[in-house]
Amino acid sequence: MKNRKWTLLLFFAPGTILYLALFVYPTLSGFYYSFTDWDGLSPSYSYVGLDNFKTLSEHIVFRKSLVNNLKFMLAVVICQTVISLILALMLQRKSKLSAALRSLYFVPTILSSVSVGFIWTFMYDPSLGLLNGTLDKIGLSGFTQNWLGNMQIAIFSLAAVQAWAHIGQMVILFVAGLQGIPRELLEAAKLDGGTRLQVFLRVTWPLLAPAAAVVVSYTTIQSFKAFDLVFTMTNGGPAYSTEILSTFIYNTAFTNFKFGLASAGSIFFLMLIAIITWLQFRVIRTDRASYS
Amino acid sequence: MKKAFLLPLLAALLISVLAACGSNENDNSSNSSSDSGKSGKKVTISFVHWRGEDVKVFDSLIAKFEAENPNIKVEQQVYPSDQYQTTVQAKLTDGSVGDVFASFPGAQFEAISKAGLFTDLTGESFVANYTPALIEAGQKDGKQLALPYQLVYNMPIYNVKLFEKYGIEIPKDWDSFLAMAEKLKQNGIIPIAFPGADIGPGQFMNTMVMNNATDPEIFTKLEAGETKLTDEWWVKTLSQFKELNDKGYFQQDALGTKDQGAGALFAQEKAAILATGSYQLAQNKKNNPNLEQGLLAPITVSADQAVYEGIHTTTFMLAVNSKSKHPEEAKKWIAFLSGAEAAGEYANGTGQNVTVKDVQYTSEELQAVSEWTTKKTRFQPRYTITNSEIQTAVTNSIQAVLGGTSPEQAAKDAQAIVDQQLGK
């Protein structure tokens, strides 16, 4: 019995060591550095108490990045949830193309964010890019834009790419949710004379709500954590219009050499994500419909 | 049975722990190579820089150096310039890479020197090989911490043949600069290809501001709180940026154009001027061998008020990492590069002027800029900003103006960030 315990402990040890070294230690040290003025390079630094958090609360660029991040998150969540739901409903219909389309929607998910960033930077190029070129060719020249150079729309151009890159995962989640709904319920609703819209609103949607909540929750966290795309496509520009929390933290730490301030930003970021996740899981719990 | 099962498990655990300590292993091997160096065996030094386009020339130089120094092997590692600060600086702190490394002047030089990562090169014999006035950017507190190797002119490049075709002379004041741009525009040529999405603002601002604020210390004074971006010199500069943009002298949607896009417009001769710097002459020529190129600076004032003709920067600053385990071998590599022969091979092979004395330039691109060595140029103003948040605020105010913000408002917004940095 004693040997069995040791064996179990040995099995757990590698994972535990890696988890402690790669997750717990960096998180705790980040927490520690958030109370210092360390520049990330010098061997010495001082304890500054809550100064970094105070600086952060007044920091003009940090505030801009928070607002931008909220805009980005809302655009991604709305865009990704609505489109993936529509695609999932279309895929539910029996068709020879369904399987092929499902794979097609999933393809962007397997591309690296950096590649996606480069591809879309080219697509968005105002004079040489495919997007404006295509709009011109199909007679929609009025819709051509300076997608990443217009300070008013650049953040939404990035949100569209973020949504495009991850929509496949969300479609799969919705398809799984739809497949879990008993066919008899839908057929009964149809027999009772329900229109397609009524069946969707009264039967499908309530039963799909848990899947939708997972999609919204996952998308929210994912869009808050977005970094690679924004970094490769605009790096926060033009004129801070696409600066988000992750690029602010990155630039603060590695370009401006304010590691203590960046750590404080990371702690704020961690708490924000934790609160959003907690709120969403509460919603999922209270909003759960049942067909049993 | 149990023992037979536990043995591989323990081995797996040991391997995973060793894997987690991989970096320490590397350090140990590096230490042992240091010892072997002392005992006459081969020592490997790491040479880190950001210029991917120079790799072939450095490979050739490394081969020659290694032939002269059979006990030293130079390993060249290149990181893209936009990632250079983030990727390399952290690595320099543990001495694992970058026995010899390159750094940018300005904010990066300040950060590295503050962290004590530069070895003091004062008094080394090879320092005398450089033109003294051109290595000042690598000095701090009376010490020569780094040796700026390249001499770059951060000035717009122009298409000589296009200027000749339309009978345009190099403008000597702001009015003639505008007239030049208008003439090009009327002939269907984009006057200025401006990479507004990335390097454009940081490059073009130098020539735009040089005569609006002739004080070489202007940005030092900004960082000391003695002048403001809302003062006339910067608001005027922003207004002139706005004027160029509003009159259509930049290509359409300049804020969405990156370096490569603007370079393509120039190489395809759709644009007459490329608002970057001499470091792109060789690349342009590669893209279009028929190009004939020169450098020109916009003079933003009247001819009699113009003090400076252009901008120069001494950059690609070579240094020895203070954490290096092979400082003597690292210095030997810098000494080799500092020789007129090696520096000449580098200059002519890469199309870059160098700060080393007595170098013979043979390439067409270098000859095109050689006249600038005798002209009145000033050190790149942007690199005199040592706080990178202030540097970003300054360049972002240019982007804001091109994006539609008024020069006064953009200057005010940027000054608010400067004030916050200064703790006001």
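Keep in mind that what you see is a predicted model, and the values were worked out from it rather than measured.

**Side note on the overall build of chain B**
- Check the secondary structure of chain B and you find 17 helices and 13 strands.
- In terms of C-alpha radius of gyration, chain B reaches 24 Å, essentially the compact-globule figure of 22 Å for 424 residues.
- Taken along the three principal axes of its C-alpha coordinates, chain B extends 85 × 50 × 45 Å.
- Looking at chain B as a whole, 54% of its 424 residues are labelled buried.
- The contacts of chain B with a sequence gap of at least 6 include a subset with a gap of at least 24, amounting to 77%.
- Across chain B, the 38 positively charged side chains and the 49 negatively charged ones have centroids separated by 5 Å.

**Things to note about the nonpolar core**
Residues and elements named next belong to chain B.
- Ranked by internal contacts, the top residues of the largest apolar core, which has 70 residues, are Phe219, Trp234 and Leu244.
- It is helix 16 (residues 388–402) that provides the largest number of residues to this core, a total of seven residues.
- With 58 residues, the next largest nonpolar core counts Phe58, Leu318, Ala343 and Val359 among its residues.

**Examining the side chain of Gln76 of chain B**
Residue and element names in this part refer to chain B.
- Note that Gln76 resides in strand 2 (residues 72–78).
- Within polar-contact distance, the side chain of Gln76 engages the side chain of His49 at 2.9 Å.
- At 3.0 Å, the side chain of Gln76 forms a polar contact with the side chain of Asp59.
- Those residues in contact with Gln76 that lie beyond four places of it in its chain are Phe47, His49, Asp54, Val55, Phe58, Asp59 and Ile62.

**Observations regarding the interface of chain B and chain A**
- Tallying the contact residues gives 36 residues for chain B and 34 residues for chain A.
- In total, chain B and chain A occlude about 3100 Å² of area from one another, counting both sides; carbon and sulfur atoms represent 62% of this.
- In this structure, Lys258 of chain A and Glu389 of chain B form a salt bridge, with 2.8 Å as the shortest nitrogen-oxygen distance.
- Seen at the junction of chain B and chain A, the total is eleven residue pairs in polar contact (both at pLDDT 80 or more).
- Those elements that provide at least two residues to the side of chain B that touches chain A are helix 1 (2–20), helix 4 (81–92), helix 5 (107–114), helix 16 and helix 17 (407–421) of chain B.
- Along the lines of polarity and charge, the residues of the side of chain B that touches chain A split into 16 nonpolar, 15 polar and five charged.

**Here we look at the pattern of salt bridges**
Residues and elements named next belong to chain B.
- Per the counting criterion, the structure on display carries 13 salt bridges over all chains.
- One salt bridge in this structure joins Lys247 and Glu243, with 2.9 Å as the shortest N-O distance.
- For Lys247, a relative accessible area of 34% corresponds to the partly exposed category.
- Look at the salt bridges and you will find they share partners, linking Arg51, Glu53 and Asp54 into a network.

**Regarding the packing of aromatic side chains**
Residues and elements named next belong to chain B.
- Scanning the model with the defined rule gives 46 aromatic pairs over all chains in all.
- For the pair Phe47 and Phe58, a centre-to-centre distance of 5.1 Å together with 80 degrees between the ring planes defines the contact as edge-to-face. Residue Phe47 is located in strand 1 (residues 43–49), and its partner Phe58 is located in helix 3 (residues 55–68); the two are separated by eleven residues in the primary sequence.
- Seen from their ring centres, Phe316 and Tyr346 are 6.3 Å apart, and the 15 degrees between their planes marks the pair as stacked. Of this pair, Phe316 sits in strand 11 (residues 310–320) while Tyr346 sits in helix 14 (residues 340–350), placing them 30 residues apart in sequence.
- By relative accessible area, which is 0% here, Phe316 ends up buried.
- In this structure Tyr346 comes out as buried when scored by relative accessible area, which is 0%.

**Comments concerning the pairing of strand 9 (residues 271–274) of chain B**
All names here are of chain B.
- With two bridges connecting them, strand 7 (residues 157–159) and strand 9 associate as antiparallel partners. Bridge pairing in strand 9 places Ile157 opposite Leu274.
- Of the strand pairs in this sheet, strand 8 (residues 190–193) and strand 9 are connected by three bridges, and their pairing is parallel. Following the sheet pairing, Ala193 is matched in strand 9 by Leu274.

**Observations regarding a positive patch on the surface**
- On the surface, Arg93, Lys94, Arg183, Lys190 and Arg196 of chain A cluster together into a patch of positive charge.
- On the secondary structure map, Arg183 of chain A appears in helix 8 (residues 183–191).

How each quantity is defined
Residues numbered from 1 in each chain as written. Chains lettered and ligands numbered in written order. Predicted model: local features only at pLDDT ≥ 70, side-chain atom pairs only at ≥ 80, totals over all residues. Heavy atoms only, no water. Helix = DSSP H or I, 4+ residues; strand = E, 2+ residues; numbered from the N terminus. Rg over C-alpha atoms; globule rule 2.2 N^0.38 Å. Buried < 20%, exposed > 50% of the residue type's maximum accessible area, 1.4 Å probe, protein only. Contact = heavy atoms within 4.5 Å. Lys, Arg positive; Asp, Glu negative; His and termini not counted. Charge placed at Lys NZ, Arg CZ, Asp CG, Glu CD. Core = buried A, V, L, I, M, F, W, Y, C linked by side-chain atoms within 4.5 Å. Polar contact = N/O pair within 3.5 Å; in protein donor to acceptor, adjacent residues only side chain to side chain. Buried area = accessible area lost by both parts, 1.4 Å probe. Salt bridge = Lys/Arg side-chain N within 4 Å of Asp/Glu carboxyl O. Nonpolar A, V, L, I, M, F, W, Y, C, P; charged D, E, K, R; others polar. Phe/Tyr/Trp six-rings, centres within 6.5 Å; stacked < 30°, edge-to-face > 60°. Pairing = 2+ DSSP bridges. Patch = residues over 30% accessible without salt bridge, like charges linked within 9 Å, V, L, I, M, F, W, Y side chains within 5 Å. Areas by Shrake-Rupley, 256 points an atom, 1.4 Å probe, with all protein chains shown as cover.

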